[in-house]
Amino acid sequence: ANHLLELLNLSGPPFCLLDVGYSQILNTCLLEVAIILLLTVLIISGNLVVIFVFHCAPLLQHHTTSAFIQTMAYADLLVGVSCLIPSLSLLHHLKGLDEELTCKVFGYMVSVLKSVSMASLACVSVDRYMAITRPLSYATLATPCRIRACILLIWVYSALVFLPSFFGWGKPGYHGDVVEWCAVEWETRPLFTSFIVALLYAPAAMTVCFTYVNIFRICRQHTREISERRARFGPQEGSLGQDGQPQHAPACTDKRYAMVLFRITSVFYLLWLPYILYFLLESADIYSHPAASFITTWLAISNSFFNCLIYSLSNSAFRKGLKRLCLFCVQRVDSKKSFSPSPGYGQGPICTRSTCHV
């Protein structure tokens, strides 16, 4: 590996995982930089919007899952910020830093942050499962204090799972392969890969599968029972709304909200599946390719943008909050444009009975 690294350093052109010949002309990994910068802008801007909307839309705070969704948004925002590291590395702005330390810190940061997202999705599925299976005791089970403790546990657990990567256990992932040392000298090890899969990937995936299968089974059963009751006895007087239309059952409402979360979870695992498969294949010395490493890694990281996109398209309360945020921004801009100093501006405050303009 050291001999290979020396040859790469002496060859002249930069180290590019998607090298198609342009690096020898432009002396930079143009395609890699463009992909990473585009994802960085989308991830940071999208998750900033999600965070602002949650603060502007009180309706989104009604579900305890909003705390986990916000945790994912903050984690994804930090993923976007950390993506500046490989961008600066490809643009030759990190030459003074130690490549080994830069690689390990970046790989650890992104691995922990995506682990937080994965664990948060598992907790969201458990939360919805308890809300549907134990509606009467749910309020006493999912208290704000327990939710905050669960979020803290997610961060601590994620940080501990990937900590052995600093002590020579192996590479936690491929997030730093744009740095030459990561791709050439930092090797994956089957034991550490199995450790990560056993403590993170497998439990999270099994939890999500178990909870959502049972959620949709219970909702379908409740919907069928309600339909049979209405077909036999007709709509009950208490089940009619103020407009005379039948009200939706709580199970149906829970099912719609569970569908939003299920879409987010499904896209998460679809985008992460190629990365996990490649991680396992490379760890077992079955298949290894620089381009595959780059594509699967940044396909997985792109999930940090798709989370907020799916939530904004699927949740009506979120769309109302986004509309409210946009109206607020437009009103602020209009108020600044329409502001014009009065003839007495600068001569002191002009006060009326209820207001005082300076």
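Cut-offs and rules
- Residues numbered from 1 in each chain as written.
- Predicted model: local features only at pLDDT ≥ 70, side-chain atom pairs only at ≥ 80, totals over all residues.
- Heavy atoms only, no water.
- Helix = DSSP H or I, 4+ residues; strand = E, 2+ residues; numbered from the N terminus.
- Contact = heavy atoms within 4.5 Å.
- Areas by Shrake-Rupley, 256 points an atom, 1.4 Å probe, with all protein chains shown as cover.
- Expected span 1.5 Å × (residues − 1).
- Bend = angle between axes of the 7 residues up to and from the residue.
- Buried < 20%, exposed > 50% of the residue type's maximum accessible area, 1.4 Å probe, protein only.
- Axes fitted to C-alpha atoms, helices over the stretch in contact; angles between N-to-C directions.
- Parallel < 35°, antiparallel > 145°, perpendicular 65-115°, else oblique.
- Left-handed = near helix turned anticlockwise from the far one by under 90°.
- Nonpolar A, V, L, I, M, F, W, Y, C, P; charged D, E, K, R; others polar.
- UniProt positions renumbered as here; feature names shortened; annotations may be inferred.
- Patch = residues over 30% accessible without salt bridge, like charges linked within 9 Å, V, L, I, M, F, W, Y side chains within 5 Å.
- Salt bridge = Lys/Arg side-chain N within 4 Å of Asp/Glu carboxyl O.
- Phe/Tyr/Trp six-rings, centres within 6.5 Å; stacked < 30°, edge-to-face > 60°.

**Q** Would you explain the overall build of the chain in this entry?
**A** For the chain, the count of helices and strands is 14 helices and two strands. Residue pairs at least 24 apart in sequence account for 74% of intrachain contacts in the chain once pairs closer than 6 positions are excluded. A total of about 19700 Å² of accessible surface is found on the chain, and carbon and sulfur atoms cover 66% of it.

**Q** Can you walk me through helix 10 (residues 190–233) in this structure?
**A** For an α-helix the count is 3.6 residues per turn, leaving residues at separations of three or four pointing the same way. Spanning 44 residues, helix 10 covers 62 Å between terminal C-alpha atoms, matching the ideal 64 Å at 1.5 Å per step. In helix 10, a bend of some 45° at Val197 exceeds every other bend along the element.

**Q** Whenever I open this one, the environment of Glu185 confuses me. Can you help?
**A** Along the polypeptide, Glu185 turns up in the loop between helix 9 (180–184) and helix 10. Glu185 sits in the partly exposed class, given a relative accessible area of 25%. In sequence terms Glu185 and Glu100 are 85 residues apart; their C-alpha atoms lie 9.0 Å from each other.

**Q** So what exactly am I meant to see when it comes to unusual backbone geometry here?
**A** Glycine aside, the phi torsion of most residues is negative, and most peptide linkages are trans. For Asp285, which is not a glycine, the phi torsion comes out positive at approximately 60°. Tracing the sequence through the fold places Asp285 in the loop between helix 11 (250–283) and helix 12 (290–301).

**Q** Explanation requested: the packing of helix 3 (residues 30–56) against helix 4 (residues 65–82) in the structure shown.
**A** The description of two packed helices rests on the angle between their axes and on the distance between the axes. Two numbers describe how helix 3 lies on helix 4: the axes approach to 8 Å, and their chain directions differ by 150°. As far as their axial angle goes, helix 4 and helix 3 are roughly antiparallel. For the crossing formed where helix 3 meets helix 4, the hand is left-handed. Counted together, Thr40, Ile43, Ile44, Asn47, Leu48, Val50, Ile51, Phe54 and His55 of helix 3 and Ser66, Ile69, Gln70, Ala73, Tyr74, Asp76, Leu77, Gly80 and Val81 of helix 4 form the full contact between these two elements. Split into classes, the residues belonging to the contact of helix 3 with helix 4 amount to eleven nonpolar, six polar and one charged.

**Q** Is there a simple way to explain helix 8 (residues 144–161) in this structure?
**A** Compared with an ideal rise of 1.5 Å per residue, which puts 18 residues at 26 Å, helix 8 spans 26 Å between its outermost C-alpha atoms and is within 8% of the ideal. Against the buried residues of helix 8 lie helix 4, helix 6 (99–133) and helix 10.

**Q** Would you take a moment to explain the UniProt feature "transmembrane region" (unreviewed entry) in the chain for this structure?
**A** What UniProt calls "transmembrane region" (unreviewed entry) maps, in this numbering, to residues 33–60, 72–94, 106–126, 147–170, 190–215, 260–281 and 293–314. Regarding residues 106–126, the helix share stands at 100% and the strand share at 0%, and the terminal C-alpha atoms are separated by 30 Å. The span residues 190–215 shows a helical share of 100% and a strand share of 0%, and its end C-alpha atoms are spaced 35 Å apart.

**Q** Hey, could you run me through a nonpolar patch on the surface in this one?
**A** A surface patch of nonpolar side chains, about 930 Å² in accessible area, is lined by Leu101, Val105, Met109, Leu152, Val156, Leu160, Leu163, Phe166, Phe167 and Trp169. Elements with a minimum of two residues in the nonpolar patch: helix 6 and helix 8. Relative to the assigned elements, Val156 resides in helix 8.

**Q** Help me out: how do you make sense of the side chain of Ser302 in this one?
**A** With respect to the helices and strands, the residue Ser302 is situated in the loop between helix 12 and helix 13 (303–314). Beyond its immediate chain neighbours, meaning those up to four positions away, Ser302 contacts Leu39 and Leu271.

**Q** So what exactly am I meant to see when it comes to the packing of aromatic side chains here?
**A** Geometrically, a pair of aromatic rings is defined through the distance of the ring centres and the angle of the planes. Following the criterion strictly, the structure yields 13 aromatic pairs and no others. Ring centres of Trp272 and Tyr275 lie 4.9 Å apart, and the angle between their planes is 80°; on these two criteria the pair is classed as edge-to-face. A residue pair is termed a helical-turn pair when its members lie 3 or 4 positions apart in one helix, as Trp272 and Tyr275 do in helix 11 at three residues. One exposure class covers both Trp272 and Tyr275, and it is buried. An aromatic cluster is defined as three or more aromatic residues linked by ring pairs; in this entry it consists of Phe268, Tyr269, Trp272, Tyr275 and Phe279.

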